[in-house]
Each structure stands twice: as structure tokens, then as C-alpha cells.
Amino acid sequence: GRSRGNMRILVVGLDNSGKSTLIEHIKPNKASTFEATPTVGFQVQEFAKNNLNFTVIDMSGQSRYRTLWEHYFCNVHAVIFVVDSTDRVRMCVAKEELEEVLKHDEVQNSGMPILVYANKGDLPGSMSRQECADELGLSGLNDEQTPWHIEKSNALVGLGVEEGVNWLVQTLQ
Ligand code: GTP
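What this report covers is the structure whose coordinates are included nearby. On a predicted model such as this, the values are computed, not experimentally measured, just so you know.

**Overview of the site of the ligand**
Line of reasoning, step 1. What surrounds the ligand is a group of 16 residues, the closest being Lys19, Ser20, Thr21, Asp122 and Ala155.
Line of reasoning, step 2. Residue Asn154 places a side-chain N or O atom 3.5 Å away from an oxygen atom belonging to the ligand.
Line of reasoning, step 3. Taken by itself the ligand offers 650 Å² of open surface, and the protein chains cover 71% of this.

Printed below as a string of C-alpha cells:
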């Protein structure tokens, strides 16, 4: 079953959404981080915690680098999508990126859980969870096919981060 063995979790989101800041609260203290930059503008970070293997990808290169990060979806068990909940202008770009993620066969066929962090929730003008879910088109998803959850987070202090990961771990069991 899925509860045994290592789980691969992909962390994606636009640049400036807060991925790096957020994962600092997931990483174990002395995590050995592997960083590779195959191409300028395309960065991959990997670290492990318990039996969870995290791969963090900056999608900001958008379609230009899509072929490069496509293969990271193979054998992934869950996706964490980080969105800047104050960036109303780029919410539609985030939606498009999330749609690309949801299009994947792996995501479509395996009931892969999607955790969204509505990050920067500490800032005035940040969108609520419901607003983000609506804007990202999550509200229209079939929860049976794609279990999803949205958690408001403040990555600066780590608020909400653990709650999100707990949902993911429970859903993966
Ligand atoms: P790239 O490295 O460009 O891919 O960005 P990233 O997604 O890794 O974002 P990063 O963690 O570098 O955060 C971008 C900026 O937003 C930094 O200045 C962070 O300090 C800030 N930031 C991240 N999360 C939060 C948050 O929850 N609240 C606030 N107020 N600022 C945040």
C-alpha cells in the first residue's frame, strides 16, 4: 500500500510565492539539501523528512522549462502548490500552472492529493482560503478523483505549515 515505503512529494509554485521560506519549516534541522541547477532559471531542491522525499521546483520559467520539469512528475505521490495569496495580478498565472499540474496522467489516474498553501496570509489584502480556492479553480475539482486541501500559511513564522503537511500525510495513508 501507499503507507509503506518512501513518498515523493513535489513542491511547486510561481517565483516569489514563498516556497523556499515555507520549506524551511518542513526540513529537519540538519537536512542535507541537494541543489542542482541544470539550466539558469530552473532550480531543483531535494530533501527528505521521515519517509517523505521532497522535491522543490521553481516553475517561474513557465513553458520555457516545462520539458525539463515534466519528468519530475513520475512516481510522485503528492503535490504541494504554493501560491502568494496577496498576488491578485498573478493569481490567473498560478491557476494556469496548477491546471498544468492537474493535467498530468499521474495526477489524473492515481487520486494524487494536492495541498495548496495560500501563503503570505499574514499580509493585509491577502485572499481568504475560499477566495484562493475559487480563483485557482479548486472548488470545481472532483474531490474523489483529486483530494485537495487549502491551508492558509505564514511561511515567515511557519504558521499553517504543519497543519498542511499533517493533512497530506493522513491523506496518503
Ligand atoms: P523563488 O526563489 O523566486 O522561486 O521564490 P520562492 O517561491 O522560493 O519564494 P521565497 O521563499 O524566496 O519568498 C519570496 C519573498 O516573500 C521573500 O522576501 C520572503 O521573505 C517573502 N515571504 C515568503 N513567505 C511569506 C509569508 O508567508 N509572509 C510574508 N509576509 N512574506 C513572505
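Text resumes after the structure shown.
**Thoughts on the pairing of strand 7 (residues 148-152)**
Line of reasoning, step 1. Here five bridges tie strand 6 (residues 114-119) to strand 7, and the two strands are oriented parallel to one another. Pairing of Tyr117 across the sheet is with Glu151, part of strand 7.
Line of reasoning, step 2. With helix 5 (residues 129-135) bridging strand 6 and the parallel strand 7, this β-α-β connection has right-handed handedness.

**Some thoughts on unusual backbone geometry**
Line of reasoning, step 1. Residues other than glycine seldom take positive phi values, yet Asn75 does so here, at roughly 60 degrees.
Line of reasoning, step 2. By secondary structure assignment, the location of Asn75 is in the loop between helix 2 (66-70) and strand 5 (78-84).
Line of reasoning, step 3. Look at Asn75 and you get exposed, because its relative accessible area is 57%.
Line of reasoning, step 4. For Lys120, which is not a glycine, the phi torsion comes out positive at approximately 65 degrees.

**A few points about a nonpolar patch on the surface**
Line of reasoning, step 1. Among the surface-exposed residues, Leu156, Val157 and Leu159 lie close enough to one another that they form a single nonpolar patch of about 350 Å² accessible area.
Line of reasoning, step 2. Mapped onto the elements of the fold, Leu159 is located in the loop between strand 7 and helix 6 (161-172).
Line of reasoning, step 3. Residue Leu159 is classed as exposed on the basis of its relative accessible area of 57%.

**Brief notes about the packing of aromatic side chains**
Line of reasoning, step 1. By the definition in use, this model includes one aromatic pair.
Line of reasoning, step 2. Seen in terms of ring centroids, Phe47 and Phe54 are 4.9 Å apart; in terms of plane orientation they differ by 10 degrees. Their pairing is stacked.
Line of reasoning, step 3. Looking at Lys27, its charged tip hangs above the ring of Phe47, at a distance of 5.7 Å from the centre.

**Topic: the side chain of Asp84**
Line of reasoning, step 1. One can find Asp84 in strand 5.
Line of reasoning, step 2. Polar side-chain contacts of Asp84 include one of 2.6 Å to the side chain of Thr86.
Line of reasoning, step 3. Within the structure, the side chain of Asp84 is placed 3.3 Å from the side chain of Lys120, a separation counted as a polar contact.

**Structural notes on helix 6**
Line of reasoning, step 1. In this model helix 6 runs 17 Å from its N-terminal to its C-terminal C-alpha over 12 residues, within 8% of the 16 Å that 1.5 Å per residue would give.
Line of reasoning, step 2. Along helix 6, the residues classified as buried are Val161, Gly164, Val165, Trp167, Leu168 and Leu172. Along the axis of helix 6, the buried positions cluster into a sector of 155 degrees, meaning they face one direction only. Those residues of helix 6 that are exposed and aimed more than 90 degrees away from the buried face are Glu162 and Gln170.
Line of reasoning, step 3. Where helix 6 is buried, its residues contact strand 1 (7-13), helix 1 (19-23), strand 5, strand 6 and strand 7.

**A few points about the pairing of strand 4 (residues 52-58)**
Line of reasoning, step 1. Strand 4 sits mainly inside the fold: six of its seven residues count as buried.
Line of reasoning, step 2. In terms of strand pairing, strand 1 meets strand 4 through seven bridges, oriented parallel. Looking at strand 4, one finds that Ile9 is bridged to Phe54.

**Topic: the nonpolar core**
Line of reasoning, step 1. By size, the foremost hydrophobic cluster in this structure holds 27 residues, and its most contacted members are Leu10, Val79, Ile114, Val116 and Leu136.
Line of reasoning, step 2. Of all the elements in the fold, those that place two or more residues in this core are strand 1, strand 5, helix 3 (91-103), strand 6 and helix 5.
Line of reasoning, step 3. When sequence neighbours within four positions are dropped, the list of residues in contact with Val79 reads Leu10, Val12, Phe73, Val101, Met112, Pro113, Ile114 and Leu115.
Line of reasoning, step 4. Membership of the second largest hydrophobic core comes to 21 residues, among which are Ile23, Ile80, Val82 and Ala155.

Criteria and thresholds
- Residues numbered from 1 in each chain as written.
- Predicted model: local features only at pLDDT ≥ 70, side-chain atom pairs only at ≥ 80, totals over all residues.
- Heavy atoms only, no water.
- Near = heavy atom within 4 Å.
- Polar contact = N/O pair within 3.5 Å; in protein donor to acceptor, adjacent residues only side chain to side chain.
- Areas by Shrake-Rupley, 256 points an atom, 1.4 Å probe, with all protein chains shown as cover.
- Pairing = 2+ DSSP bridges.
- Helix = DSSP H or I, 4+ residues; strand = E, 2+ residues; numbered from the N terminus.
- Right-handed = clockwise from strand over helix to strand, strands pointing away.
- Buried < 20%, exposed > 50% of the residue type's maximum accessible area, 1.4 Å probe, protein only.
- Patch = residues over 30% accessible without salt bridge, like charges linked within 9 Å, V, L, I, M, F, W, Y side chains within 5 Å.
- Salt bridge = Lys/Arg side-chain N within 4 Å of Asp/Glu carboxyl O.
- Phe/Tyr/Trp six-rings, centres within 6.5 Å; stacked < 30°, edge-to-face > 60°.
- Lys NZ or Arg CZ within 6 Å of the ring centre and 35° of its normal.
- Expected span 1.5 Å × (residues − 1).
- Arc of directions from axis to C-beta.
- Contact = heavy atoms within 4.5 Å.
- Core = buried A, V, L, I, M, F, W, Y, C linked by side-chain atoms within 4.5 Å.

Fair warning: the whole summary comes from geometry, so function is off the table for now.
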